[in-house]
Number of protein chains: 4
Amino acid sequence: MLNDLREQVLEANLELVRRGLVLYTFGNASGISRADGLVVIKPSGVPYDRMTASDLVVTDLEGRIVEGSLRPSSDLPTHLAIYRAFPAAGGVVHTHSTYATAWAQARRGIPCLGTTHADYFRGPVPVTGEMSAEEISSAYEWNTGQAIIRRFENLDPTEIPGVLVAGHGPFTWGRSALEAAHNAVILEELARVAATTLALNPAAPELANVWRDKHFLRKHGPQATYGQK
Amino acid sequence: MLNDLREQVLEANLELVRRGLVLYTFGNASGISRADGLVVIKPSGVPYDRMTASDLVVTDLEGRIVEGSLRPSSDLPTHLAIYRAFPAAGGVVHTHSTYATAWAQARRGIPCLGTTHADYFRGPVPVTGEMSAEEISSAYEWNTGQAIIRRFENLDPTEIPGVLVAGHGPFTWGRSALEAAHNAVILEELARVAATTLALNPAAPELANVWRDKHFLRKHGPQATYGQK
Amino acid sequence: MLNDLREQVLEANLELVRRGLVLYTFGNASGISRADGLVVIKPSGVPYDRMTASDLVVTDLEGRIVEGSLRPSSDLPTHLAIYRAFPAAGGVVHTHSTYATAWAQARRGIPCLGTTHADYFRGPVPVTGEMSAEEISSAYEWNTGQAIIRRFENLDPTEIPGVLVAGHGPFTWGRSALEAAHNAVILEELARVAATTLALNPAAPELANVWRDKHFLRKHGPQATYGQK
Amino acid sequence: MLNDLREQVLEANLELVRRGLVLYTFGNASGISRADGLVVIKPSGVPYDRMTASDLVVTDLEGRIVEGSLRPSSDLPTHLAIYRAFPAAGGVVHTHSTYATAWAQARRGIPCLGTTHADYFRGPVPVTGEMSAEEISSAYEWNTGQAIIRRFENLDPTEIPGVLVAGHGPFTWGRSALEAAHNAVILEELARVAATTLALNPAAPELANVWRDKHFLRKHGPQATYGQK
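To keep things clear, this report deals only with the structure shown in the data block. What you see is a predicted model, and the numbers here were worked out from it, not measured in a lab. (Residues numbered from 1 in each chain as written. Chains lettered and ligands numbered in written order. Predicted model: local features only at pLDDT ≥ 70, side-chain atom pairs only at ≥ 80, totals over all residues. Heavy atoms only, no water.)

This part covers the packing of aromatic side chains. Residue and element names in this part refer to chain A. Under the counting rule described, the total for this entry stands at 16 aromatic pairs over all chains. Ring centres 5.4 Å apart and planes at 55° place the aromatic pair Phe 86 and Phe 152 in the tilted group. Taken together, the residues span a long stretch of sequence, with Phe 86 in the loop between α2 (76-85) and β5 (91-94) and Phe 152 in the loop between α6 (140-151) and β6 (162-165) at a distance of 66 residues. The same class applies to Phe 86 and to Phe 152, which are both buried. One aromatic cluster in this structure is built from Phe 86, Phe 152 and Trp 173. (Phe/Tyr/Trp six-rings, centres within 6.5 Å; stacked < 30°, edge-to-face > 60°. Helix = DSSP H or I, 4+ residues; strand = E, 2+ residues; numbered from the N terminus. Buried < 20%, exposed > 50% of the residue type's maximum accessible area, 1.4 Å probe, protein only.)

Structure below.
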């Protein structure tokens, strides 16, 4: 079932390994078939180098396992919350990549300090608010998703394809699982360049909006000119 | 003798190389057979790429060589002290990995700043007190072990599977040599993320206990839900 | 057409990948045939690992495509501006490499803090001034080139073979595409060493001119003694 | 002539590449035959991946070429000065490795902050004084050697097997070319750990002398117990 999606979600998971974003079994990628209302996600705690497409777990949007003999990633409820709130999301990725996690632990959103950032995020990468003891104690992973959604009340998730969960780490998304993984790789690099920038100049200015939009819209949306037709 | 344990201890030593934790002959991993009261440890100063399972040295808990023609790692007495004080330890690893060593040299314990940390350590990674000139002058390696044990007077080594020896570097342990090596890799990453976090925000808060425990207990102990059954 | 130049420009692009200067389709290298008045440049958004010499795009100095079925890099007008203003430039490279980009975002030129720097740049690596909203809104890439040229009003581009575009990233050049790529690699390392130097000593002094020139002229110009005859 | 020494010096040069200490043609290693009064050194500006043992240049202690058709490394006079002043030196290495060069540019010696350092250097890694305009203008490379020798007036080069040349970079030595290369790799790591340590705690203390000597003498000298007999 959903063999193409399985292959793509496997590939998205392996991309995280290839790019050095995950240690051991850290991280997870998923993809959704909107037509079927089904999600394909990495199993929990399975080493990447032994993972096959048939190890992936298929669930519905309530998290009920539809296919697969392994337990899904424990972060599944966060993925589901994102899919339900952001209809354009076709894939979701979570990592504990070094620099993005450091910003999340520092409780700082990543300011848009340059064109590399603006090529992918039309504004700062936001950091969520703190979760309450109640939210942590029960339905923790689902509530993590709710914290993300609250943070996006006035943000467009197609223009800001990722977030830092305070004290935890980054989640990214995209039109597909592969694009979500791509965005996770980019976010880690943006986080690293921004940390280095602020070490050199703590008062480094954010990009002007006209400049930020120039770059973002050169790569995204109907007027995009970057890449091939 | 102890061929399976030899193979596992060899593998634990090689894991340190694969993960970039050791330079040249730095570092050492050991494992214990509690049934036999025997420890298998890396020989001193032998290059990892030529090391075989039969090069490993077997000693008893007094450090007497039971099998092997090579000298054991000079840190053997520290390993033995840990095995004698922490009955749950099945393996011990020592490295001079970059970031963990920097925290040890800085005389700072690593605060629990995020969920990555809490997934493995149920609280800060502690740093030992200073050793006296007497402790350094004689039975130095054994006394290093005693400094570790003193630091754990009010800590549970099954919940905090590692320590920073002030001015020296990290020791980790686990139920097996491989788990101890795994914890050494994780500790290095936690040390790196924490250093980056504090550069971004010197006042970054520690994780609330309820949150820390949520993550630790999701992966460890009888209620663990992470991974496969 | 221009097959040798195509091969060299391909090689220059691949050098950026090999040296870890580019992520995904980031960056671009070009080369010029002064005799023909033609430029060979990377196509826009094509993955490096599938790129062949025949994918490269040939344009004239007005940016009109002379050969090739793919769109050229969107930074083409910046390359053309550099070729038109700096007659000694035989190749141009643009990257978003981590440390050079951080200096560009920090709006700081890289001071000449040591002999490694002086071996390649006879003075600080300059950073451009800010671009106006008008310059960003239309003919942005061409205006980026103009900002570079303005910054070099009193600088010799054969002695300072690169620049940081404020809020954006580095451009380098050289007598050939390969030398431009080489200079991009060197610049990234200089940027990294300088950032580390200033973290250790914010008041680290610049190299005296006599010393800087000693190193620069040992490697460049008619009195060069470095390398083989 | 000197075929074994040629092989060892080639190996020492390649070790610098394998350990990531050099970019392109940066760096150089040499070895000496004290019996013959001859030095074997890397040729100037030759890429490491094409270098063979027969490309190496043999000179006497005055720098006269005895064998070889290529120019020797431009740093040859510094190597010769070291060989003449430090009779125990069998090999010399110079690199521009990132962290050691940053300390050299920062004009800071590397304090002995931990046991990793003390395992190799019995005290801080010293930094040379500034060179005068005269020293730079003529016989620059020889004068670089003199600056090193002046810095060691009250230091023992067998206990401190390396130095930072202010504004330039590290030189290391050892009983052989391979040991000099080994020390260059260690120095780069010490430089990195020390920089990270001081970022975490600018007041991190130096190791007490008794502790420093414990580690140094465990590995070096007649009472060494580290490694195999």
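So, next bit.
With that out of the way, let us pick up the sheet that holds strand β4 (residues 65-67) of chain D. Two modes of strand pairing occur in sheets, parallel and antiparallel, and in both the strands are linked by backbone hydrogen bonds. All names here are of chain D. Read across the sheet, seven strands follow the order β4-β3-β2-β1-β5-β7-β6 without closing on themselves; strand pairing throughout is antiparallel. The open sheet terminates on both sides in strands that have one partner only, identified here as β4 and β6 (162-165). With direction set aside, neighbouring strand axes in the sheet form an average angle of 25°. As judged from the four bridges shared by β6 and strand β7 (residues 169-174), these two strands associate in the antiparallel manner. Directly across from Val 163, in β7, lies its bridge partner Phe 171. Seen against the sheet, helix α7 (residues 177-200) touches β1 (28-33), β5 (91-94), β6 and β7 and runs at an angle of roughly 140° to β7. (Pairing = 2+ DSSP bridges. Axes fitted to C-alpha atoms, helices over the stretch in contact; angles between N-to-C directions. Contact = heavy atoms within 4.5 Å.)

On to the interface of chain D and chain B. Listed as interface residues are 31 residues of chain D and, on the opposing side, 32 residues of chain B. Sorting the residues of chain D by area buried against chain B places D:Leu200, D:Trp211 and D:Gln228 first, and these three jointly supply 24% of that buried surface. Counting the contacts that link chain D with chain B gives two salt bridges. With a shortest N-O distance of 2.5 Å, D:Arg218 and B:Glu141 are connected by a salt bridge. On inspection of chain D and its partner chain B, the count reaches 17 residue pairs in polar contact (both at pLDDT 80 or more). Of all elements in the fold, only α4 (115-118), α7 and α8 (209-219) of chain D reach the threshold of two or more residues within the side of chain D that touches chain B. When residues in the side of chain D that touches chain B are grouped by element, the largest group, nine residues, is from α7(D). Residue composition of the side of chain D that touches chain B, grouped by class: 12 nonpolar, 11 polar and eight charged. (Buried area = accessible area lost by both parts, 1.4 Å probe. Salt bridge = Lys/Arg side-chain N within 4 Å of Asp/Glu carboxyl O. Polar contact = N/O pair within 3.5 Å; in protein donor to acceptor, adjacent residues only side chain to side chain. Nonpolar A, V, L, I, M, F, W, Y, C, P; charged D, E, K, R; others polar.)

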